Amino acid sequence: MKKTVQFSSAPVTFYFDVAFAKLRDVLDPASAIILTDENIFSKHKKYLKEFQVIVMPAGEANKTQKTVDHIILQLIEAGADRNTTLIGLGGGVVTDITGYVAGIYMRGISFGFVPTTILAMVDAAIGGKNGIDVGVYKNIAGLIRQPSFIWYDYNLLSTLPNEEWINGFAEVIKHACIKDRKMFVALQQQKLSFWKRDRVSLAKLIRQNVDIKVKVVQQDEFEKADRKLLNFGHTFGHAIENLYGIPHGHSISIGMGIACKISEKLAGFKETESILQLLKQYGLPPSFAFDGGATMKVMQADKKKQGQAIHFILLEKIGKALIKPVSFADLSEFTA
Ligand code: ADP
Ligand code: ZN
């Protein structure tokens, strides 16, 4: 199924539930180059025969300028020009770096995504945020630019490790917390194994999550206001992720746990237990003993910081989030 969504900067065409092999029906493999990582390449190379492929090392630790330089040199070698489309086949690391490289190579070439993780399907591939990490600072260098297409082939998930399913469901739970109480209840009624088994329900759940993210980004592509809601759990989450090297989903799960406690204090939130319970149900950690001082220091460089306060996403109730400036002095209470 094909659907074109209009963002304020550009349109994006979504292809849902279509085999990867059909990509050649909409795009000439001779004018495209695929960027993927070594794990995905080793598992799915049979689909890639017709394409020139650049393979990067897997993992967030490689989402760096060094990898970007390496990719650019390979693009030059492959003869990529302004008419080349760069296709990111992979999880959030691959899609983030694909969009970034495509944004700067020859001052910008077109690009598309074939997400292969739950996280990338429901979150990272959507919205046009592309970038890399510098030191401990996640996504500190980047740009907002939309891919021309996003291609959903759920069969690619057949090789996804369980740990990565768990990570992806952290973002699904995040969407439910900030925007969709009904989806929260649906998640409560199932376990991860159900979604892994039931393709039809999974496809529906992914579509619901795509719709949530698309709607928020459509209203505020350049994150002046409501797009910030998608950062629920991410302020503490990113800091903890980068300090301890914990996977993104686990880190934002911990971040959501902290955000619930802050919400109790500053927004009258009363449903912390339901959220912590749901996180546990999906194999996610609701808390973690972190170094408060070090975490605060990383948060001082957060993009959401303004002066001595940080724009924090809080919950009023499940399904309803709000943005509130919280001072570092107030936050220190939760890092003690
Ligand atoms: P995220 O989408 O969580 O940001 P990454 O790009 O870091 O994820 O991918 C997470 C890990 O899962 C990486 O090691 C990557 O190589 C691997 N991976 C991604 N998609 C698949 C897949 N469909 N099958 C097997 N491994 C995959
Ligand atoms: Zn996230």
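Residues numbered from 1 in each chain as written. Chains lettered and ligands numbered in written order. Predicted model: local features only at pLDDT ≥ 70, side-chain atom pairs only at ≥ 80, totals over all residues. Heavy atoms only, no water.

Q: Where do I start with the coordination of the zinc ion (ligand 2) in this structure?
A: Where a metal carries four tetrahedral donors, each ideal angle is 109.5 degrees; where it carries six octahedral donors, the ideal angles are 90 or 180 degrees. For the zinc ion (ligand 2), every protein donor is listed as E171 (OE), H234 (NE2) and H248 (NE2), and the spread of their distances is 1.9 to 2.1 Å. Look at where the donors of the zinc ion (ligand 2) fall in the sequence and you get E-x62-H-x13-H. On the criterion of sequence distance, the pair formed by E171 in helix α6 (residues 162–179) and H234 in helix α10 (residues 234–244) is long-range, its members being 63 residues apart. The exposure class of E171 is buried, given its relative accessible area of 0%. (Donors = N, O, S within 2.8 Å, 3.2 Å for Na, K, Ca; no water. Helix = DSSP H or I, 4+ residues; strand = E, 2+ residues; numbered from the N terminus. Buried < 20%, exposed > 50% of the residue type's maximum accessible area, 1.4 Å probe, protein only.)

Q: What is the right way to look at the pattern of salt bridges in this model?
A: If charged atoms from side chains of opposite charge come close, those side chains can pair. Evaluation of the coordinates by the stated rule reveals 15 salt bridges. The partner of K3 in a salt bridge is D211, and the shortest N-O contact between them spans 3.9 Å. Separated by 208 residues along the polypeptide, K3 in strand β1 (residues 2–6) and D211 in helix α9 (residues 199–219) bring together distant segments of the chain. The closest approach of N and O atoms between E60 and K63, which form a salt bridge, is 3.5 Å. On the basis of relative accessibility, which here comes to 1%, the residue K63 falls in the buried class. Look at the salt bridges and you will find they share partners, linking E60, K63, D96, D133, K138 and E241 into a network. (Salt bridge = Lys/Arg side-chain N within 4 Å of Asp/Glu carboxyl O.)

Q: Would you mind showing me how to read the environment of H234 here?
A: A relative accessible area of 5% means that H234 is categorised as buried. Leave out the neighbours within four places in its chain, and H234 touches E171, K174, H248 and I252. In terms of polar contacts, H234 uses its side chain to reach the side chain of H248, at 3.3 Å. (Contact = heavy atoms within 4.5 Å. Polar contact = N/O pair within 3.5 Å; in protein donor to acceptor, adjacent residues only side chain to side chain.)

Q: In this structure, what is going on with the sheet that holds strand β10 (residues 305–306)? I would like to understand it.
A: Strands belonging to one sheet form pairs held by backbone hydrogen bonds; the direction of such a pair is parallel or antiparallel. In spatial order, the strands read β10-β11-β12; together these 3 strands make up an open sheet with antiparallel pairing. Strands with a single pairing partner mark the edges of an open sheet, and in this sheet they are β10 and β12 (320–327). Pairing of β10 with strand β11 (residues 309–317), which is carried by 2 bridges, proceeds in the antiparallel orientation. In the sheet register, Q306 faces β11, and the bridge partner there is A309. (Pairing = 2+ DSSP bridges.)

Q: For this particular structure, what's the right way to read empty space enclosed by the protein?
A: Where empty space is left can be seen by rolling a probe of water-molecule size over the atoms. Scanning all chains against the criterion turns up 2 cavities of 30 Å³ or more. Each pocket or cavity is described by its volume, and for the largest cavity that value is around 40 Å³. In terms of lining, the largest cavity is formed by N231, F232, G233, H234, T235, F236, G255, A259, F312 and I313. If you tally residues by element for the lining of the largest cavity, the top one is α10, at 3 residues. Looking at the lining of the largest cavity residue by residue, the classes come out as 5 nonpolar, 5 polar and no charged. The space that makes up the second largest cavity amounts to roughly 30 Å³. Lining the second largest cavity are K3, V5, F14, F16, V210, D211 and V214. Mapped onto the lining of the second largest cavity, the elements with two or more residues apiece are β1 and α9. With 3 residues, α9 is the largest single contributor of residues to the lining of the second largest cavity. When its residues are assigned to classes, the lining of the second largest cavity shows 5 nonpolar, no polar and 2 charged. (1 Å grid on protein atoms, 1.4 Å probe; cavity = no way out; pocket = protein on both sides within 12 Å on 5 of 7 lines; lining within 4 Å. Points joined across faces, edges and corners; volume = space filled by probe spheres on them. Nonpolar A, V, L, I, M, F, W, Y, C, P; charged D, E, K, R; others polar.)

Q: Help me understand the sheet that holds β1 in this model?
A: Taken in spatial order, the 7 strands make up an open sheet running β1-β2-β9-β6-β5-β3-β4, and their pairing is mixed. The open sheet terminates on both sides in strands that have one partner only, identified here as β1 and β4 (52–56). Here the strands of the sheet are splayed against their neighbours by 20° on average, with no regard to which way each runs. The sheet contact formed by β1 and strand β2 (residues 11–15) spans 5 bridges and is antiparallel. (Axes fitted to C-alpha atoms, helices over the stretch in contact; angles between N-to-C directions.)

Q: I would appreciate a short explanation of the site of ligand 1 in the present structure.
A: Around ligand 1 there are 16 residues in total, and D37, G92, T116, T117 and T159 lie nearest to it. Measuring from an oxygen atom of ligand 1, one finds a backbone N or O atom of V93 at 3.1 Å. At 2.8 Å, a backbone N or O of L156 approaches a nitrogen atom of ligand 1. Protein contact buries 89% of the 570 Å² of open area that ligand 1 shows by itself. Of all the secondary-structure elements, those providing two or more residues to the shell around ligand 1 are α2 (38–44), α4 (92–104) and α5 (118–124). Class assignment for the residues of the shell around ligand 1 results in 8 nonpolar, 6 polar and 2 charged. (Near = heavy atom within 4 Å. Areas by Shrake-Rupley, 256 points an atom, 1.4 Å probe, with all protein chains shown as cover.)

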